[in-house]
Amino acid sequence: PYVMEIPDIRFDQHGFEVLLTERAKGLFIPLHYKVGLDLTVSFIKEHTRPDEPIFAFPNKAVFYFLTGRPSATAYVSSEDMATRKQRQEAVAQLIRSRPRYVIIDEHLDTHIDKILIQEQNPEVFKYIQENYQVIRSFPGVKIAERISGS
């Protein structure tokens, strides 16, 4: 079997830090992701039921695992919505499932080829813009809540 040798690095001295989130406790991630990730997971867990769907947009499917919450659509990242038909289906699923919260990842390095999300996925982006309002901002992440009546 192949075994990859990893150098002995003290991650906390090289821009990495340990996650505090229950489902990922002990994992090292880049420091610039850690704070927003931990705060977002805590917020979602405190404000939703375990069976309540959320939508993480555009490319942070890890939030479904870390929060233990289901996705509001069959598409867990924008990469899965390559065609216009798929993006329109994702909007239709959002209309049906009506998630209360959308998690918006603002780390440009997680976007496909660093293409702005409004260009990569205009249909879903427009739907979120028209039906959600940002209520919390954490480093690299925003949480938007469904606008009442929409």
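For clarity, every value in this text was computed on a predicted model and none was experimentally measured.

Participant: Whenever I open this one, unusual backbone geometry confuses me. Can you help?
Facilitator: The phi angle of most residues is negative, glycine excepted, and most peptide bonds adopt the trans form. With an omega of 5°, the peptide bond between phenylalanine 57 and proline 58 qualifies as cis. Examined against the element boundaries, proline 58 turns out to sit in the loop between β3 (55-57) and α2 (62-67). Within the chain, arginine 98 stands out as a residue other than glycine whose phi angle is a positive 45°. Along the chain, the position of arginine 98 falls in the loop between α3 (84-97) and β4 (101-105).

Participant: Hey, could you run me through the pairing of β4 in this one?
Facilitator: A regular strand places its side chains on the two faces of the sheet in alternate fashion. Within β4, five of the five residues are buried, which leaves the element mostly enclosed by the surrounding structure. Neither face of β4 is exposed, since Tyr101, Ile103 and Asp105 on one face and Val102 and Ile104 on the opposite face are all buried. Inspection of the sheet shows β4 paired to strand β6 (residues 141-146) by five bridges, in the antiparallel sense. Within the sheet, the bridge partner assigned to valine 102 lies in β6 and is alanine 144.

Each value, and the rule that gives it
Residues numbered from 1 in each chain as written. Predicted model: local features only at pLDDT ≥ 70, side-chain atom pairs only at ≥ 80, totals over all residues. Heavy atoms only, no water. Helix = DSSP H or I, 4+ residues; strand = E, 2+ residues; numbered from the N terminus. Buried < 20%, exposed > 50% of the residue type's maximum accessible area, 1.4 Å probe, protein only. Pairing = 2+ DSSP bridges.

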